[in-house]
Amino acid sequence: MLRVKGLSAAYEGTPIFSDVSVDFVPGKITGIIGPNGAGKSTLIKNMLNLVKPVNGYAELNGVPLVKQAASVAYIEQRAEIDLTFPIDVLDVIVMGTYPKLGWFKVPGKTQRAQAKAALSKVGLSDFAHRQIGNLSGGQLQRVFVARAIVQEAPLVFMDEPFFGIDMQSEAEIIRILKEWRAAGKTIVVVHHDLNKVSQYFDELVIMSPGAGVVAHGPVAEVFTQANIQAAFSPDLGNVLFGSGKADSAVAAGKQEVAFND
Amino acid sequence: MTSLVAFFNGLMQYNFLQTALITAIMVGVMSGIIGSFIILRGMSLMGDAISHAVLPGVAVAYMLGINVVFGAAFFGILAALLIGFVADRTKLKNDTAIGIVFSAFFALGFILISLAESSTNLHHVLFGNVLAVSDSDLLLTNAVLVVVVLFTVLFYKELLVSSFDPHYAQAYGLKVQVLHYGLMLMLTLVTVSALQTVGIILIVAMLVTPAATAFLWTENMGVMLVLSASIGAVSALIGLYFSYTFNWASGPAIVLTAAVLFLLSFILSPKQGLLRQLKGGAANA
């Protein structure tokens, strides 16, 4: 079990959330949702110690996560990657084998074969030798998913994996996530599109600016009008759950209710 | 042509010229390798900073009569740590922290060198004097080259992943900070070797220009490393020829050669050259 224990975070001295404790269930896909500034990305970055938490930590099966970091596959927001880097798709995926290889061991035929298998799994076999800047956003995201496949880590963290990508890529990634779920992995996804919450996630962590986690548990229990109204805004709760009087402009945008962090 | 013949005759005849050439080529190779990582990590300014920041180390080493490597390595790493410390503990941006620390170190070094009043010629430290390279300098440069190549070969995959996707590397537990300071140590070693060849002021050019030239020609990291090292070596060779023939300072001659090679690549490279862009523009119009 992946547990967050009393985690507090701050950015340059300003608190973002404090004393957050959440459990993430293995074999489930957990979504983290909330408006801008709620600290969704901050939560996973603090869990992974990419940003030092003010207080608290994450543990996996009773051992702090920082001591077993190789168990973590992390797919960060695409925007943070240098797309001009002289590297091709296959070599990016081979990086997924690095954690297991450890120091001084060089990836060889076995690792390249693993990478090729993962590449075909995400439907990009023809792109093995493309420089990564020549891919679409969705294709690139699938490459990072393939890298996570190769890593075979029990924990997968994804930050806005579906932001600005094509439908086909989104469907391919969801298919892989479901395979991982069946294999008993713990999957944590920071997500912005409230429309697909019930479709994609088993569990939900709802965050709100200043309040930290306002609700968490199975989607059916916590994805409610009351919780969304508390975390986002009363209007949004009404629009999403189709009751009450909503502003017509907001209602017209119902299909595109999206929050970007 | 006669000048080429004269250069080769000189090479045959003069030991100092052979030593100079071999040293310059080795410096070209090592700075091409380390420079590739420097530019891909967006650390060109850091490269400039560390190379300037070793100056007090050079002065102190002369004063104490110890090997320059130790003084330079100490101050180089100290500068890297200080830059990291200032950037982490204030809200200042990284490039500001770099600007403050390296200029302070450089100023300190300048004063220390004038105080030392030894045979150290400040002009030579700043701009290089490759023709005065001694046999022990040659050995030192050779040792640094071996260390740099070993570092790159042994930690290639870690350097690759931490340059391309540092957060991914950090998330799976790679000690990216250790690697960063390892690279900074290599940078100070390269700086020490390049002191006499190109001088402190122009070292950044040897780090950045051949690597940037290589970057224009390839989309593969391994190829880029080899190409960058080769371009560094060729720049050293041609630059030294000009230096010998026209009595130009060796550092500026080598750096200008590298810049000309960059300019040619900038115009001609198939990947992102100016010609291709112009042609593309015409086709689109």
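- If you look chain B up in an unreviewed UniProt entry, it shows as Metal ABC transporter permease from Lacticaseibacillus mingshuiensis.
- Its UniProt record gives chain B a comment under Sequence similarities (unreviewed entry), which states: "Belongs to the ABC-3 integral membrane protein family."

- Per an unreviewed UniProt entry, the recorded name for chain A is Metal ABC transporter ATP-binding protein, and the organism is Lacticaseibacillus mingshuiensis.
- Chain A has a UniProt comment under Sequence similarities (unreviewed entry) that states "Belongs to the ABC transporter superfamily."

## Overview of the UniProt feature "transmembrane region" (unreviewed entry) in chain B
Residues and elements named next belong to chain B.
Next, step 1: As annotated in UniProt, the feature "transmembrane region" (unreviewed entry) corresponds to residues 20-40, 60-85, 97-116, 137-156, 183-209, 221-242 and 248-269 in the numbering used here.
Next, step 2: In the segment residues 60-85, helix accounts for 88% and strand for 0%; the C-alpha atoms at its two ends are 24 Å apart.
Next, step 3: Annotation note: span residues 221-242, helix share 100%, strand share 0%, distance between end C-alpha atoms 31 Å.

## Observations regarding the pairing of strand E3 (residues 29-33) of chain A
Residue and element names in this part refer to chain A.
Next, step 1: Of all the 5 residues making up E3, 5 are buried; the element is thus mostly covered by neighbouring parts of the structure.
Next, step 2: Side chains Ile-29, Gly-31 and Ile-33 of E3 all project onto a buried face; the interleaved residues Thr-30 and Ile-32 project onto the opposite face, where all are buried too.
Next, step 3: Alignment of E3 against strand E8 (residues 186-190), held across 4 bridges, turns out to be parallel. Looking across to E8, one finds that Ile-29 is bridged to Ile-187.
Next, step 4: Where E3 lies against strand E9 (residues 203-208), 4 bridges are found, and the strand directions are parallel.

## A word on the interface of chain B and chain A
Next, step 1: Taken together, the contacts link 25 residues of chain B with 34 residues of chain A.
Next, step 2: Summing the contributions of chain B and of chain A, the shared interface buries around 2,600 Å²; its carbon and sulfur component is 67%.
Next, step 3: Its largest share of buried area at the contact with chain A, chain B owes to B:Lys157, B:Phe164 and B:Tyr168, together 31% of the area lost on that side.
Next, step 4: On inspection of chain B and its partner chain A, the count reaches 1 salt bridge.
Next, step 5: As a salt-bridge pair, B:Asp165 and A:Arg147 come within 2.7 Å of each other at their nearest N and O atoms.
Next, step 6: For the interface between chain B and chain A, the tally reads 8 residue pairs in polar contact (both at pLDDT 80 or more).

## Details of helix H13 (residues 221-246) of chain B
Next, step 1: In this model H13(B) runs 37 Å from its N-terminal to its C-terminal C-alpha over 26 residues, within 8% of the 38 Å that 1.5 Å per residue would give.
Next, step 2: Immediately downstream of H13(B), the backbone of B:Asn247 shows phi near 60 degrees, a positive value.

## Here we look at helix H11 (residues 176-197) of chain B
Since the α-helix advances by 3.6 residues per turn, residues separated by three or four positions end up pointing in the same direction.
Next, step 1: For H11(B), with 22 residues, the first-to-last C-alpha span of 31 Å sits near the 32 Å given by 1.5 Å per residue.
Next, step 2: Following H11(B) by one or two positions, B:Gly199 adopts a phi angle in the positive range, close to 85 degrees.

## Observations concerning the pattern of salt bridges
Residues and elements named next belong to chain A.
Next, step 1: Enumeration over the complete set of coordinates arrives at 11 salt bridges over all chains.
Next, step 2: Here Glu-59 ties to Lys-5 by a salt bridge, and the two come within 3.5 Å at their closest N and O atoms. Pair noted here: Glu-59 is in strand E4 (residues 55-60) and Lys-5 is in strand E1 (residues 2-11), with a separation of 54 residues, a long-range link.
Next, step 3: Residue Lys-5 is classed as partly exposed on the basis of its relative accessible area, which comes to 35%.
Next, step 4: The salt bridge partner of Arg-175 is Glu-179, with a shortest N-O separation of 3.5 Å. Here Glu-179 and Arg-175 lie together in helix H6 (residues 167-182), a separation of 4 residues that amounts to about one turn.
Next, step 5: Taking relative accessible area as the criterion, Glu-179 reaches 33% and is therefore assigned partly exposed.

Conventions used here
- Residues numbered from 1 in each chain as written.
- Chains lettered and ligands numbered in written order.
- Predicted model: local features only at pLDDT ≥ 70, side-chain atom pairs only at ≥ 80, totals over all residues.
- Heavy atoms only, no water.
- UniProt positions renumbered as here; feature names shortened; annotations may be inferred.
- Helix = DSSP H or I, 4+ residues; strand = E, 2+ residues; numbered from the N terminus.
- Buried < 20%, exposed > 50% of the residue type's maximum accessible area, 1.4 Å probe, protein only.
- Pairing = 2+ DSSP bridges.
- Contact = heavy atoms within 4.5 Å.
- Buried area = accessible area lost by both parts, 1.4 Å probe.
- Salt bridge = Lys/Arg side-chain N within 4 Å of Asp/Glu carboxyl O.
- Polar contact = N/O pair within 3.5 Å; in protein donor to acceptor, adjacent residues only side chain to side chain.
- Expected span 1.5 Å × (residues − 1).

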